[in-house]
Number of protein chains: 2
Amino acid sequence: MVFVFEPTIKDIAKLCGVGVSTVSRAINNHPDINPETKEKIMETIREYGYVPNDSARNLKRVDAKAIAVLVKGIANPFFTSMIKVIEEECKKKNYAMELTHIEADEDEVDVAQKVVKEKRLRGIIFLGGLFWHSEDKLKKLNVPFVFSTAGAIPENISKNLYSNIGVDDRRESAKMVDYLIGLGHTKIAILVSEAEGKSIGQLRLDGYCDAFRARGMEINPRLIFHAYDGLSHFSMENGYRTTKRILESGEEFTALFAVADALAIGASRALMEAGYRIPEDISLAGYDGIDMANYITPSLTTMRQPTEEIARETTKLLFGIIAGRMKHQHITYQAQLLVKESTRAVSH
Amino acid sequence: MVFVFEPTIKDIAKLCGVGVSTVSRAINNHPDINPETKEKIMETIREYGYVPNDSARNLKRVDAKAIAVLVKGIANPFFTSMIKVIEEECKKKNYAMELTHIEADEDEVDVAQKVVKEKRLRGIIFLGGLFWHSEDKLKKLNVPFVFSTAGAIPENISKNLYSNIGVDDRRESAKMVDYLIGLGHTKIAILVSEAEGKSIGQLRLDGYCDAFRARGMEINPRLIFHAYDGLSHFSMENGYRTTKRILESGEEFTALFAVADALAIGASRALMEAGYRIPEDISLAGYDGIDMANYITPSLTTMRQPTEEIARETTKLLFGIIAGRMKHQHITYQAQLLVKESTRAVSH
DNA sequence: CCTTTACTTTCAAACGTTCTAAACAGGTCT
DNA sequence: AGACCTGTTTAGAACGTTTGAAAGTAAAGG
């Protein structure tokens, strides 16, 4: 490796014959500076390729311009597009984004606390189905945080402690199932992930049950299948394997509702491998509205969440709260039922 | 927000009645410390929830324990699994990982330089099809860097300036095309992304041509289709749109080779929408071996790159070079031809 | 009782910024 | 000429850590 001179702010100051603070002023677009001096300094900076040391900056600044994004269940392609949007918004505001994955066996609060303190971050976005047990835990986080597309938070937690942005999973899920029932399906299997606590999976399962009840129909518990491999819940692999199991179980059904598109895509493959035609023999529906749902054949009927919009609003809200010009909010978006080729009326 | 006491190392020192450096010693597992003192300090740290400030640490330390991963073309799902592995390896070594996406219009070296200087990183992994023009540019990077699954680097650049790990795209691509020819196909269309310079797309196109030449067959330039939307080259959307265009062109072909699985999946949908059966009417082949290729129907014949292995070795190599116990290397992995349902012998 | 040795611990100087308060020019007004 | 602006610049104290050199302790050796 070649030796390369790495200039600091001091070097630049010396080079320009000015004080360090003047250079700092120039860099940070402070008002009180002579435009001429500023131009000269910027010139020198370009020439020597000076880049301010982020650590030194963050050390001194009270507000390290950075937020954390904590994601549980990275396997779900659903998050990728959200993260991209969040990143964009951060760039606009000149904020750095610390992306951290939470493993299934890790405690969310502990991880959040650690990363926030380490990097002196100003806020947190929680992405995905986290589940919080107590208010005490949440209070340990000393910065504003926002849940996005998370599961339900227990009722006993004070609403103005956090923000929550997403769709009403239970209601939208019910809509989907109601749509299937409307097509004449009565034997509707559901492919759901873990369902302990108020996880996303549980909410969507609740919606499934709601839809049946609303129509005064019986729920057959043997048509509820859990896909939980202990790791990434919403994966294609998981959907595929569980659907195989469903088929082996011998239960009869004319429609299958997978509570996530990734699961549905795996299910689609398993069904077709087994010789079922979609939708002629079995209707298949997903949930999320990921890109890929449009590219499989038959294209997947799904409940599209406005991911980009949610991600964008989440980020803006967090910045607003950090800046002190907004308060915690609870926003519910509408999902959109996208009817594609994978569902049709039941054939008698 | 509640006021929370954020202890510093000084506070811990005072609390324990010892000097700051002793606390520092305890945290960093230095040898010269009384086990008893250490235990007491660790106890206090746990009690007060002290977490060292990363900025202060990195500021003082010569070696900020962190590397950068620069990705061009995030839309390609191919990278997701690689990033996951790199992250794992970093965690093992207690290194932080700075993930940065490079936009299509950004200069890779400029971005790399900026991020490395800002964060004082120790090394760089370049993921994906970057293209380097000159040795001078590369020399500007003052830390070791490793290319992974990148395009070919021009011959005139000194080999011991960098490492390069991946498969021989040209050779493996030729293998795939040769396999298609072996099935009796002669009119093989290729769906390729941008092809200026020695990009990955160009290499795979070269392989396509090699395969024809090796058999003494003619190449029909009108069967070469470029999918370049100026943004994410290897996306399903891009594959879909370009295949529509191919079909409109009216050129005849019995097989389509998409140089990336994401493109192939988009192509698959476009072909089926247009009423073509795969593989009865048209054989379809991809390249990369992403997970999803197994879940579409028909499952996709593809050239599987050992992504996990490549990512793991890339990271290990970079750490080795940083530690000074390894030198730059150029490693070529074998890809694996996975024959699935989407290809079959041409029907006469 | 004074050295030596080995083990612990502390002091204080960095690291590269930002930011407050103070200083400095060069007017303009009494 | 002094007082008072106004616009620009600077010195220097933080920020929270690591680290090498120095200092302190206690046990062992003479």
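Cut-offs and rules
Residues numbered from 1 in each chain as written. Chains lettered and ligands numbered in written order. Predicted model: local features only at pLDDT ≥ 70, side-chain atom pairs only at ≥ 80, totals over all residues. Helix = DSSP H or I, 4+ residues; strand = E, 2+ residues; numbered from the N terminus. Buried ≥ 20, exposed ≤ 12 C-beta atoms within 10 Å, placed from the backbone. Contact = placed C-beta atoms within 7 Å. Least-squares fit on C-alpha atoms with pLDDT ≥ 70 in both. Domains from an automatic or database assignment. Pairing = 2+ DSSP bridges. Axes fitted to C-alpha atoms, helices over the stretch in contact; angles between N-to-C directions. Nonpolar A, V, L, I, M, F, W, Y, C, P; charged D, E, K, R; others polar. Near = placed C-beta within 6 Å. Arc of directions from axis to C-beta. Expected span 1.5 Å × (residues − 1). Parallel < 35°, antiparallel > 145°, perpendicular 65-115°, else oblique. Left-handed = near helix turned anticlockwise from the far one by under 90°. Core = buried A, V, L, I, M, F, W, Y, C linked by C-beta atoms within 7 Å.

1. Some points on the overall build of chain A
Counting its secondary structure elements, chain A contains 12 helices and 12 strands. For chain A, with 348 residues in total, the buried portion stands at 45%. When contacts within chain A are restricted to residue pairs at least 6 apart in sequence, long-range pairs at least 24 apart make up 71% of them.

2. Topic: the relation of the copies chain B and chain A
Superposition record for chain B on chain A: RMSD 0.2 Å, screw rotation 180°, translation along axis 0.1 Å. Taken together, the rotation and translation describe the operation of a two-fold axis. In terms of C-alpha distance to the rotation axis, chain B has Ser55(B) as its closest residue, with the C-alpha 2.2 Å off the axis. In this assembly, 100% of the residues forming the interface of chain B have copies in chain A that are likewise at the interface, indicating an isologous arrangement.

3. Thoughts on the domain arrangement of chain A
Domains assigned within chain A are domain 1 (9–52), domain 2 (66–166 + 307–334) and domain 3 (169–305). For domain 1 of chain A and domain 2 of chain A, the distance between their C-alpha centroids amounts to 37 Å.

4. Topic: the sheet that holds strand S7 (residues 224–226) of chain A
All names here are of chain A. The parallel open sheet is built from four strands, whose spatial order is S7-S6-S8-S9. Looking at which strands have only one partner, the edges of the open sheet turn out to be S7 and strand S9 (283–285). With direction set aside, neighbouring strand axes in the sheet form an average angle of 20°. In this structure, strand S8 (residues 255–258) lies alongside S9, joined through three bridges in parallel fashion. By the bridge assignment, Leu256 is partnered in S9 with Leu284.

5. What about the interface of chain B and chain A?
Listed as interface residues are 31 residues of chain B and, on the opposing side, 32 residues of chain A. Sorting the residues of the side of chain B that touches chain A by element identifies helix H4 (54–60), helix H6 (108–119), helix H10 (236–249) and helix H11 (261–273) of chain B as the ones contributing at least two each. Broken down by element, the side of chain B that touches chain A gets its largest block of residues, five residues, from H4(B). Residue composition of the side of chain B that touches chain A, grouped by class: 15 nonpolar, six polar and 10 charged.

6. Some remarks on the protein's contact with DNA strand C
Taken together, 26 residues surround DNA strand C, and among them Ile9(A), Ser21(A), Ala56(A), Gly19(B) and Ser21(B) come closest. Elements represented by at least two residues in the surface near DNA strand C include exactly helix H1 (9–16), helix H2 (20–27) and helix H4 (54–60) of chain A together with helix H2 (20–27) and H4 of chain B. For the surface near DNA strand C, the class distribution of residues is 10 nonpolar, 10 polar and six charged.

7. Quick word on the protein's contact with DNA strand D
By nearness alone, 26 residues border DNA strand D, and Gly19(A), Thr8(B), Ile9(B), Ser21(B) and Ser24(B) come closest of all. Secondary structure elements with two or more residues in the surface near DNA strand D: H2 and H4 of chain A together with helix H1 (9–16), H2 and H4 of chain B. When the residues that make up the surface near DNA strand D are grouped by side-chain class, the tally is 10 nonpolar, 10 polar and six charged.

8. Examining H2(A)
Residues and elements named next belong to chain A. Taken together, the buried positions of H2 are occupied by Thr22, Val23 and Ala26. Seen along its axis, H2 keeps its buried residues to an arc of 100°; they face one direction. Looking at the buried residues of H2, the elements they touch are H1 and helix H3 (35–48). Remark: Asn29 follows H2 within two positions and exhibits a positive phi of approximately 55°.

9. Some points on unusual backbone geometry
All names here are of chain A. A cis amide bond, omega 5°, links Ile278 with the succeeding residue Pro279. You can see Pro279 is positioned in the loop between helix H11 (261–273) and S9. For Thr149, which is not a glycine, the phi torsion comes out positive at approximately 45°. The topology assignment puts Thr149 in the loop between strand S4 (145–148) and strand S5 (163–167).

10. Here's the deal with the sheet that holds strand S2 (residues 96–102) of chain A
Backbone-to-backbone hydrogen bonds pair the strands of a sheet. The strands run either parallel or antiparallel. Residue and element names in this part refer to chain A. Taken in spatial order, the six strands line up as S2-S1-S3-S4-S5-S11 in an open sheet, and their pairing is parallel. In this open sheet, the two edge strands, each paired with only one partner strand, are S2 and strand S11 (330–333). Strand-to-strand twist across the sheet, computed as the mean angle between neighbouring axes with direction ignored, equals 15°.

11. Describing helix H9 (residues 200–214) of chain B
All names here are of chain B. Taking 1.5 Å as the rise per residue, H9 with 15 residues should run 21 Å; its terminal C-alpha atoms sit 21 Å apart, in good agreement. The set of residues buried in H9 consists of Ile200, Gly201, Gln202, Leu203, Arg204, Leu205, Gly207, Tyr208 and Ala211. The inward-facing, buried residues of H9 abut helix H8 (169–182), strand S6 (188–192), strand S7 (224–226) and strand S8 (255–258). Just downstream of H9 lies Gly216, where phi reads positive at about 70°.

12. Thoughts on the packing of H8(B) against H9(B)
All names here are of chain B. The geometry of H8 relative to H9 is characterised by a closest axis approach of 7 Å and an angle of 45° between their N-to-C directions. Between H8 and H9, the interaxial angle falls into the category oblique. Crossing of H8 against H9: the hand is right-handed. Here Asp169, Arg170, Arg171, Glu172, Ser173, Ala174, Val177, Asp178 and Ile181 of H8 lie close against H9, whose contacting residues are Ile200, Leu203, Arg204, Asp206, Gly207, Tyr208, Asp210 and Ala211. For the contact of H8 with H9, the residue count by class is seven nonpolar, two polar and eight charged.

13. A few points about the environment of Ala262(A)
Residue and element names in this part refer to chain A. Within the secondary structure layout, Ala262 lies in helix H11. Of the residues examined, Ala262 has 30 C-beta atoms within 10 Å and is grouped as buried. Sequence separation between Ala262 and Asn34 is 228 residues, and the spatial gap between their C-alpha atoms is 58 Å. Contacts of Ala262, omitting those with residues within four sequence positions, involve Asn76, Pro77, Phe234, Ser235, Met236 and Gly239.

14. Here we look at the nonpolar core
Counting 167 residues, the largest nonpolar core has Ile124(A), Leu191(A), Phe257(A), Ile124(B), Leu191(B) and Phe257(B) as the members making the most contacts within it. Leaving out residues up to four positions away in the same chain, Phe257(A) has contacts with Met176(A), Val177(A), Leu180(A), Ile188(A), Ile190(A), Leu191(A), Tyr208(A) and Ala285(A). Formed by eight residues, the second largest nonpolar core is a distinct cluster that contains Ile12(B), Val23(B), Ala26(B) and Tyr50(B).

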